[in-house]
Amino acid sequence: MKYLLWAAVLATLGLARAEAGDMPGVSATEIKIGQTMPYSGPASAYGADGRAEVAYFKMINDQGGINGRKINLMSVDDGYSPPKTVEQTRMLVEQEGVSFMFNGLGTPTQTAVQKYLNMKKVPQLFVATGADKWGDYQHFPWTIGYQPSYRVEGQIYAKYVLKTKPDAKVAIIYQNDDFGKDYFNGVKDIFGDKYAKMVAKDISYEVTDPTTDQQVVTLQASGADTLMIFATPKFAAQIIRKVYDINWHPQEFLTNVSISVGAVLKPAGVEKAVGIITGGYIKDSTDPAWANDQGMKDWLAFMDKYMPGADKTDGNYTYGYAVAMTLAHVLKECGNDLSRENIMKQATNIHALEIPVFINGITVNTSPTNFHPLRQLQLARWNGKTWERFGDIIEGNGS
Amino acid sequence: MQALWHQIFSGIATGGIYASVALALVMIYQATHHVNFAQGEMATFSTYIALALIEAGFPYWLAFLATIIVSFAIGVIIERVLMRPMAEAPVLASVGVFIGLLLIFNSVTGWIFSYSVKAFPSPFPETSQFLGGWASPHEVGATLVTLVVLVLVYGFFRFTKLGLAMRAAAYNPVSSRLVGIRVGWMLALGWGLAAAIGAIAGMMVAPIVFLDPSMMSGILLYAFAGALLGGIDNPLGAVIGGFAVGVIENLAGAYVVGPELKLTLALVIIIAVLIFKPAGIFGRVIVSRV
């Protein structure tokens with residue numbers, strides 16, 4: 001009996017020790033978190049995301065941290081170059097000994113470190129990319145996405161078409177890579193057997209194509225009355241302009257990736273884009289509807305105090321604020337068990353978490369079999385001056 | 001039938017883009033017997049200069065002219081500073097410099113002017129009902145500008161002493177020097193003119209494909225194909241080659257192999273032409289005695 005008691009005590013001590021030892025990157029006063037961001041290079045506009053997150057955790061630390069620990073988000077530059085992402089991620093994991101990686105940006109860059117992080121069992125939380133593959137919990141149990149994936153977005157447009165115009169003749173133009181094909185697959189998910197009947201013509205373009213005029217002319221000849229544009233900004237602008245110039249007037253749907261007024265609609269011609277429909281989930285700071293919204297007021301106060309001088313019309317700051325807030329929720333839920341296993345467990349057990357800068361009704365939801373935290377959008381129509389939200393929130397299919 | 005004509009017109013309009021860049025390639029080849037891989041990036045940089053001038057309040061055509069002059073100067077400076085020391089180096093060393101220039105121009109452009117896509121103004125009127133929408137006024141205007149440049153380049157090489165001297169300097173530097181041609185300056189002049197023509201091409205292309213630091217990377221490939229098809233030592237051939245590539249690409253994409261393989265098909269046709277006529281359809285076969 002005595003021995004048994006000792007054994008139990010020893011076992012408990014051993015367990016407790018193992019637990020403390022199994023919390024890499026965590027001390028009594030600090031949690032170390034790693035991140036790679038394109039602060040330089042072609043995608044450097046997205047660096048705003050990382051800057052907002054660093055600022056958010058500075059605010060959290062000023063308020064006393066999370067469960068008594070300060071957050072140390074080490075956000076480093078990878079220039080949107082996958083080899084550099086590998087180098088920086090290894091540096092953060094092996095030399096700095098971070099607890100986990102958070103919201104690393106870019107599909108090619110995060111793909112380059114996905115296997116490594118899963119092999120090392122380091123959580124790769126809330127990657128900042130719209131690819132659908134981050135929800136693959138069976139093969140990559142340590143990786144989880146965040147925003148509504150391109151595939152989910154494609155599903156939502158298809159759902160809307162089926163509901164409002166079941167006899168539509170749809171034309172689809174998509175970029176011939178993972179990005180474009182995700183959308184394409186999303187539309188297929190919803191149309192299913194009806195695909196052949198609904199879709200008059202689908203066509204792809206290559207990123208090396210100087211123009212997409214040939215494709216647009218071919219689509220027009222198909223006689224379609226609905227056009228889905230799954231293209232990156234430069235090509236989206238070309239397509240919108242060409243469709244208008246050749247006197248074709250389909251109902252256009254445009255990927256959320258290319259809704260920038262400055263980079264797409266103005267180059268194409270704002271009047272040529274009137275009537276285009278897209279989907280969104282973040283409150284847009286330029287939308288007057290949110291002038292008295294508490295969530296946006298808090299965000300503006302945060303921007304004024306922690307990011308003075310930053311461009312408040314840049315949605316990347318709102319996005320960064322939202323993801324950081326989600327992470328803060330996860331860390332709070334972890335309590336004192338900040339082992340990598342428990343962090344992953346809490347990140348995959350979020351139920352209807354409301355983020356005040358998301359359109360009301362859109363919530364974060366995860367489960368051990370759902371690694372797609374956001375799966376809802378509200379549609380918006382371009383009226384020549386702003387994107388006007390309309391209709392109910394639409395939810396895409398599961399993973 | 002209407003769709004077919006539409007594809008052909010649209011192909012001619014796109015071909016005009018390739019033709020204008022192909023002309024710049026011909027210019028540098030005529031002057032130096034090299035193909036400058038950085039030609040496209042240099043043209044993009046020039047186009048950004050034009051945009052900066054226009055945004056600073058210059059009228060379009062004044063900005064156009066100023067850009068051509070500045071680009072000419074940049075071309076001359078690059079030859080004097082970078083290419084001059086390479087005069088005796090093997091061809092591969094020059095290729096290394098060209099690729100280095102390409103990377104430098106691309107990064108510097110992005111660094112100074114940002115990577116985001118920008119609209120570039122057109123000097124031609126903006127009406128979309130022009131020609132039933134088959135080609136925009138700008139596409140027609142840009143094609144005319146290309147033809148004007150073609151006539152100037154052709155006339156320059158064919159009828160002026162300077163043009164003759166430049167051809168001689170590229171073809172046989174030693175003999176040219178012996179008859180009193182300043183070969184070094186001829187090369188610099190060739191670089192300057194090629195950069196100037198590239199700038200014109202950039203300013204004509206940007207309103208169609210929109211301006212970003214990698215604007216020319218895809219276009220240069222097609223322009224190169226057009227120049228090879230028509231004959232890289234023949235301005236007229238290169239322009240016709242550019243138009244041909246545009247039309248072939250559209251018809252192949254629409255009716256033969258689909259958009260994924262249209263570039264491949266265009267390149268296959270070019271290889272076929274080069275096998276049977278290595279100098280291109282309009283190129284002269286140069287036989288040198290060894």
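Owing to the predicted nature of the structure, the values given are computational and were not obtained by experimental measurement. (Residues numbered from 1 in each chain as written. Chains lettered and ligands numbered in written order. Predicted model: local features only at pLDDT ≥ 70, side-chain atom pairs only at ≥ 80, totals over all residues.)

I'm lost on the overall build of chain A in this one. Help?
Helices and strands together make up the secondary structure of chain A, namely 13 helices and 13 strands. Expressed as lengths along the three principal axes of its C-alpha atoms, the size of chain A is roughly 90 × 45 × 40 Å. Partitioning the intrachain contacts of chain A with sequence separation of at least 6 by distance along the chain shows that 69% fall at a separation of at least 24. (Helix = DSSP H or I, 4+ residues; strand = E, 2+ residues; numbered from the N terminus. Contact = placed C-beta atoms within 7 Å.)

Where do I start with the overall build of chain B in this structure?
Within chain B, the secondary structure is distributed over 11 helices and zero strands. Overall, chain B shows an N-to-C arrangement of helices and strands of α-α-α-α-α-α-α-α-α-α-α. The C-alpha radius of gyration of chain B comes to 19 Å, within 12% of the 19 Å expected for a compact globule of 290 residues. Overall, the C-alpha framework of chain B stretches about 60 × 50 × 35 Å when taken along its three principal axes. For chain B, with 290 residues in total, the buried portion stands at 50%. Considering only residue pairs separated by 6 or more positions, chain B has 74% of its internal contacts joining residues 24 or more positions apart. (Rg over C-alpha atoms; globule rule 2.2 N^0.38 Å. Buried ≥ 20, exposed ≤ 12 C-beta atoms within 10 Å, placed from the backbone.)

When you look at the sheet that holds strand S4 (residues 124-125) of chain A in this model, what are you seeing that I'm missing?
Neighbouring strands of a sheet are bound in pairs by backbone hydrogen bonds; such pairs are parallel or else antiparallel. Residue and element names in this part refer to chain A. On the basis of which strands lie adjacent, the open sheet formed by four strands has the order S2-S1-S3-S4 and parallel pairing. If you trace the sheet from one side to the other, it starts and ends with strand S2 (70-77) and S4, each paired once. By the bridge criterion, eight bridges tie strand S1 (residues 30-37) to S2 in an arrangement that is parallel. By the bridge assignment, Ile33 is partnered in S2 with Leu73. The sheet strands contacting helix H2 (residues 47-62) are S1 and S2, and the helix crosses S2 at an angle near 165°. (Pairing = 2+ DSSP bridges. Axes fitted to C-alpha atoms, helices over the stretch in contact; angles between N-to-C directions.)

Would you take a moment to explain the domain arrangement of chain A for this structure?
Residue and element names in this part refer to chain A. Annotation of chain A at the domain level lists domain 1 (11-148 + 292-368) and domain 2 (150-280 + 380-395). On the domain 2 side, the residues contacting the seven residues of domain 1 number eight residues. Tallied by class, the residues present in the side of domain 1 that touches domain 2 amount to three nonpolar, three polar and one charged. (Domains from an automatic or database assignment. Nonpolar A, V, L, I, M, F, W, Y, C, P; charged D, E, K, R; others polar.)

I keep staring at helix H8 (residues 183-209) of chain B and nothing clicks. Help me out?
All names here are of chain B. For H8, spanning 27 residues, the distance from its first C-alpha to its last is 38 Å, which sits close to the expected 39 Å at 1.5 Å a residue. Counted residue by residue, H8 has 24 buried out of 27 residues, so it is predominantly covered. Just past H8, the residue Phe210 takes up positive phi, approximately 70°. (Expected span 1.5 Å × (residues − 1).)

Can you help me understand helix H4 (residues 107-120) of chain A in this one?
Because the α-helix completes a turn every 3.6 residues, residues three or four places apart line up on one side. Residues and elements named next belong to chain A. A rise of 1.5 Å per residue sets the reference length of H4, with its 14 residues, at 20 Å; its end C-alpha atoms lie 20 Å apart and thus fit the reference within 8%. Burial in H4 covers these residues: Thr107, Thr109, Gln110, Ala112, Val113 and Leu117. Close packing links the buried residues of H4 with S1, helix H3 (82-95), strand S3 (100-102), S4 and helix H6 (178-191). After H4 finishes, the residue Lys121 shows a positive phi value of roughly 60°.

Whenever I open this one, the pairing of strand S13 (residues 387-395) of chain A confuses me. Can you help?
Taken residue by residue, a regular strand's side chains alternate between the two faces of the sheet. Residues and elements named next belong to chain A. Sheet topology note: the strand S12 (residues 376-382)/S13 ladder contains seven bridges and is antiparallel. By the bridge assignment, Gln378 is partnered in S13 with Ile393. Linking two consecutive strands that pair antiparallel, namely S12 and S13, is a turn of four residues; a positive phi of about 105° is found at Gly384 within it.

Teacher, can you tell me more about the nonpolar core here?
One recurring pattern in soluble globular proteins is that nonpolar side chains are buried together. Membership of the largest hydrophobic core comes to 197 residues, with the highest contact counts inside it found for Ala22 and Leu23 of chain B. The element contributing the most residues to this core is H8 of chain B, with 19 residues. A domain split of this core shows at least three residues from each of domain 1 (11-148 + 292-368) and domain 2 (150-280 + 380-395) of chain A. Look past the residues within four positions of Ala22 of chain B in its chain and what remains in contact with it is Ala223, Gly226, Ala227, Ala238, Val239, Gly241 and Gly242 of chain B. (Core = buried A, V, L, I, M, F, W, Y, C linked by C-beta atoms within 7 Å.)

Help me understand the interface of chain B and chain A in this model?
Many descriptions give the size of an interface as the accessible area lost when the pieces come together. Listed as interface residues are 28 residues of chain B and, on the opposing side, 28 residues of chain A. Among the elements of the structure, helix H1 (2-32), H8, helix H9 (215-230) and helix H10 (235-256) of chain B are those that each provide at least two residues to the side of chain B that touches chain A. In terms of residue count, H1 of chain B provides more of the side of chain B that touches chain A than any other element does, six residues in total. Each residue belonging to the side of chain B that touches chain A can be placed in one class, and the counts come to 13 nonpolar, 12 polar and three charged.

Just to check I follow, could you spell out the pairing of S1 of chain A for this structure?
Residue and element names in this part refer to chain A. Counting buried positions over the eight residues of S1 gives six, a clear majority of the element. Tracing the backbone out of S1, into H2 and back to the parallel element S2 gives a crossover that is right-handed. With two bridges connecting them, S1 and S3 associate as parallel partners. Each residue of the ladder has a partner; that of Gly34, found in S3, is Met101. (Right-handed = clockwise from strand over helix to strand, strands pointing away.)

Quick question: what am I supposed to make of the packing of H1 of chain B against helix H2 (residues 39-55) of chain B here?
Residues and elements named next belong to chain B. Interaxial distance between H1 and H2 falls to 11 Å at its minimum, and their mutual angle equals 120°. Between H1 and H2 lies a crossing whose hand is right-handed. In this structure, H1 uses Val21, Ala24, Leu25 and Ile28 to contact H2, whose residues at the interface are Gln39, Gly40 and Ala43. For the contact of H1 with H2, the class distribution of residues is five nonpolar, two polar and no charged. (Left-handed = near helix turned anticlockwise from the far one by under 90°.)

Explain the environment of Thr44 of chain B here, please?
Residues and elements named next belong to chain B. The residue Thr44 is located in helix H2 in this model. With 28 C-beta atoms packed within 10 Å, Thr44 lands in the buried category. Separated by 124 residues in sequence, Thr44 and Ala168 have C-alpha atoms that sit 30 Å apart. Contacts of Thr44, omitting those with residues within four sequence positions, involve Thr109, Gly202, Pro213, Met215 and Met216.

Where do I start with the confidence of the model for chain A in this structure?
Regions with low pLDDT should not have their predicted coordinates read in detail. When the pLDDT values of chain A are averaged, the result is 91; 94% of them are 70 or greater. Overall, residues 14-20 of chain A carries pLDDT values under 50, and its contacts beyond four positions in sequence, including any with other chains, amount to one contact. (pLDDT = per-residue confidence, 0-100.)

I would appreciate a short explanation of the packing of H2 of chain B against helix H3 (residues 60-83) of chain B in the present structure.
A packed helix pair is summarised by two numbers, namely the angle formed by the two axes and the spacing between the axes. Residue and element names in this part refer to chain B. Two elements in contact, H2 and H3, have axes whose closest approach is 9 Å; the angle formed by their N-to-C orientations is 140°. The hand of the H2/H3 crossing is right-handed. In this structure, H2 contributes Ser46, Ile49, Ala50, Leu53 and Ile54 to the contact, and H3 contributes Tyr60, Ala63, Phe64, Ala66, Thr67, Val70 and Ser71. Across the contact of H2 with H3, the residue classes tally to nine nonpolar, three polar and no charged.

Please clarify how unusual backbone geometry should be interpreted in this entry.
Note: most residues except glycine have negative phi, and most peptide bonds are trans. With a phi angle near 50°, Phe126 of chain A is a residue other than glycine that sits in the positive phi range. With respect to the secondary-structure elements, Phe126 of chain A resides in the loop between S4 and helix H5 (150-164). The exposure class assigned to Phe126 of chain A is buried, which follows from the 25 C-beta atoms found within 10 Å. We note that Phe210 of chain B has phi near 70°; this positive angle belongs to a residue other than glycine. Relative to the helices and strands, Phe210 of chain B resides in the loop between H8 and H9. Given 23 C-beta atoms within a 10 Å radius, Phe210 of chain B is considered buried.

I keep staring at the environment of Ala310 of chain A and nothing clicks. Help me out?
All names here are of chain A. One can find Ala310 in the loop between helix H11 (294-306) and helix H12 (315-334). Residue classification places Ala310 among the partly exposed residues on the basis of 16 C-beta atoms within 10 Å. In this structure the C-alpha to C-alpha distance between Ala310 and Asp136, which are 174 residues apart in sequence, comes to 36 Å. With near-sequence residues (within four places) excluded, Ala310 lies in contact with Met303 and Tyr317.

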